[in-house]
Each structure stands twice: as C-alpha cells, then as structure tokens.
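# Analysis of the macromolecular model
Each chain is listed here by its residues.
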Amino acid sequence: MTEFWLISAPGEKTCQQTWDKLMVATTRTNNLSTNNKFNIPDLKVGTLDVLVGLSDELAKLDTFVESVVKKVAQYMADVLEDSRDKVQENLLANGVDLVTYVTRFQWDMAKYPIKQSLKNISEIISKQVTQIDNDLKARASAYNNLKGNLQNLERKNAGSLMTRSLADIVKKEDFVLDSEYLITMLVVVPKTSYADWQKTYETLAEMVVPRSTKLLFEDSDSGLFSVTLFRKAVDDFKHKARENKFTVRDFQYNEEEMKADKEEMTRLSTDKKKQFGPLVRWLKVNFSEAFIAWIHIKALRVFVESVLRYGLPVNFQAMLLQPNKKNMKKLREVLYDLYKHLDSSAAIIDASMDIPGLNLSQQEYYPYVYYKIDCNLLDFKV
C-alpha cells in the first residue's frame, strides 16, 4: 500500500497521550494500520485572518505541486522508454524511497526556514515548484522534438517495401546512371507473383532491356526488383505494371541526398544519447525537490488546519497512518469513534456521496484533520 492518511488530533494532557490512544485503537488488537508520528516544527502562527486565507491558498498549491510531481514522474517513465521497470528506483526523495521519506519526515530547515511566516514559506515552495514546472516544459519540448524527428526518420527506414525509404537497400551498381536513353526503375512485386513478373516484365512496354531484372531485397510480403528500360517507355511501363498489380516506386538514385539523410539520422541519434543522461539526472533531482516540497505543503496544511480547528495555544499531534488495505473501512470507523467528540456535526461524509447543496470541494470531511498522501505517482503499475 502506497496510500497514507496524514491526520492530527488535539493533545490530551500531553501529545504523547493522543499518540498512545491512537496506537491502542489501531494496532494493539486489530492491525488496522502502521503508524508513525509526523514531526512538524514550531511554525509561526500569525493572525487568524492570515490562517483562513492561507488554508485556501495551500489547498490550491497542494493540487498544483502534486500535478508537477506526477508530471515529472510520468516524463521520467516516458524518457526511460524500454526500462520502465527502472523508473521506481529513480523516483527517490533525498536519496531514499518515497515511503521511507514520508514515514521518517523531517522538516528541512535550510530550504524552508521556520523563522519565516507561513505565507513566506508557502511562497518559497510555490516559486520553487513553478520553476521546476517551467523547466520541465522547456526540456521536455526540446527532447520530444529530437525524439520525434528521429522516430520519423526511423519510420521511413522501416515498414513495407511499398512505403519505406529504399536508400539503405539499394547500391550504386544496381542502377544505370548518367545515360541519356536508359533508366533503371524499382518495382515492388508480391511474393506470390514472382513467376508472373519474370514472365511478363519484358513485355510490359516496348524497349524494356531483356534479362535486366534483378531481385534486390525481400521482406515478408514482397520483393524489390530492378528493371532497365528506355526513358521514353517509362509512362507506358508504369501504366501496364499497375494493371498487373506491380508497384513502381518513384525513386531516383541520388548519392548526396542519401548521404545527407544518413548523416541526419546519425546526428539525431547522437544528440538523443547526449541529452539522455543529463535529462534523467535533472528529472531525478527535480522529482526529489518537488516531492519534498509537496510533503512540506501537507505539513503546512496540517498545521494551519489544526490551529484553525483546535485553537491556540498550538497543541496537537500529527500522525501518519498507512492503512491495511483490507481494513480501510474499519479504520475509518475506529478513527470516527476516537475523535467524534471533536465535532458533533461531522458525521462521516465521503466525497463520493453526492449530497445536493453540500459542496465539499472534493475533500472528505472528518472530525479530525485529514489529508491523503498517495506515493503511487504513475499511471501504469511498475
């Protein structure tokens, strides 16, 4: 299970008592969840007005930062193409896996100094993650263009003989070149029609050079034959070939053009390899930064919401629960029984219940402060 419930409840006589009560209720006899204390430092409270405004801003910031974290993770999966199973081992926060980071969360005093106001800390995070988002867009755009151009060229060199580039199949000696009268044509013949081709190609038009056909290349369905004829018979030959279900490819042997195509492919392939390493490193570093910022926002939200709900002086215990998948419903009920006295109006209301006129802005409401953290950030299962 990569899902965590970050909750807080007011301190009883001490915060330790709040923690002990939760442990007894959820782990002692029934193994409903694995729990960790979630350490939030003594942040500056500020005024009530600021806290109320900040509560809304942090909700928006939480959504934005989560979307950036997911974008970076998903792009890492796209960039690692064939080694998608390696994605998870690259998605680390501070060098450890995400579950370890969340369960052992420590506030980063250097990045987010707690002497600053809550608003300032949220602005530092907002600026930092907006920068990561902008950088990701620029880097992804450059790399995707390169990858797209390379794929287009690779596509030209693959596929059926009807459509693929013939440049890497044919050689100079397959053609009559620089002749005023003669020209070499390339014809795609289905494998089932080889005998028909050999029988009829000399008679498809006047002025076809006898015994001039040669099989140059085969794929699973057809073969590529060369045939030499007089230039003036080209149109007639094309017409008759089409009637017999032979496909004449429009191809002129041009060494310069073919060389330029090959060089372009080599250049793009080299550029892609050159950019790959630095891009993956950037994604790893900035995934870590964005994920760490995201968990700090969760900490800020718990702090702000706990002060707004439970009042001053600051006295609450933040706790991180990792629910046992089979017992999630039961865990909700136990938590409700434990904390229902905090808010008599808070019957368990779930966001999936559609109650007319009641807008919960897609966030479940419980008598305790609750935020979900899901560490599975990818669309596919790794």
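Throughout what follows, the structure given in this document is the object of discussion. (Residues numbered from 1 in each chain as written. Predicted model: local features only at pLDDT ≥ 70, side-chain atom pairs only at ≥ 80, totals over all residues. Heavy atoms only, no water.)

### Some details on the sheet that holds strand 6 (residues 214-218)
For clarity, the threshold we go by: Strand pairing requires that DSSP identify at least two bridges connecting the strands. Strands are runs of DSSP state E lasting at least 2 residues, helices are runs of H or I lasting at least 4, and numbering of each runs from the N terminus. Each axis is a line fitted through C-alpha atoms, taken for helices only over the stretch in contact, and angles between the N-to-C directions span 0 to 180 degrees.
Spatially, 6-7-5-8 is the arrangement adopted by the 4 strands of the open sheet, whose pairing is antiparallel. Whereas interior strands pair on both sides, the edge strands pair on one side only; in this sheet they are strand 6 and strand 8 (247-249). The mean angle between the axes of side-by-side strands here comes to 35°, regardless of whether they run parallel or antiparallel. As defined by bridge partners, strand 5 (residues 182-190) adjoins strand 7 (residues 222-230) across 9 bridges and the pair is classed as antiparallel. Bridging from a neighbouring strand, L182 pairs with F230 of strand 7.

### Brief notes about the sheet that holds strand 9 (residues 316-323)
The 4 strands lie next to each other as 2-9-1-10, forming an open sheet whose pairing is antiparallel. The sheet terminates laterally at strand 2 (33-37) and strand 10 (369-374), the two strands that pair on one side only. Geometrically, the sheet is characterised by an average inter-axis angle of 25° between neighbouring strands, direction not taken into account. By the bridge criterion, 6 bridges tie strand 1 (residues 3-10) to strand 10 in an arrangement that is antiparallel. Along strand 10, the bridge assignment pairs L6 with Y371.

### Comments concerning the environment of K240
Looking at the element boundaries, K240 is found in helix 7 (residues 234-243). When the C-alpha positions of K240 and Y201 are compared, they lie 9.4 Å apart, and in sequence the two are 39 residues distant.

None of this, on its own, says anything about what the molecule does.
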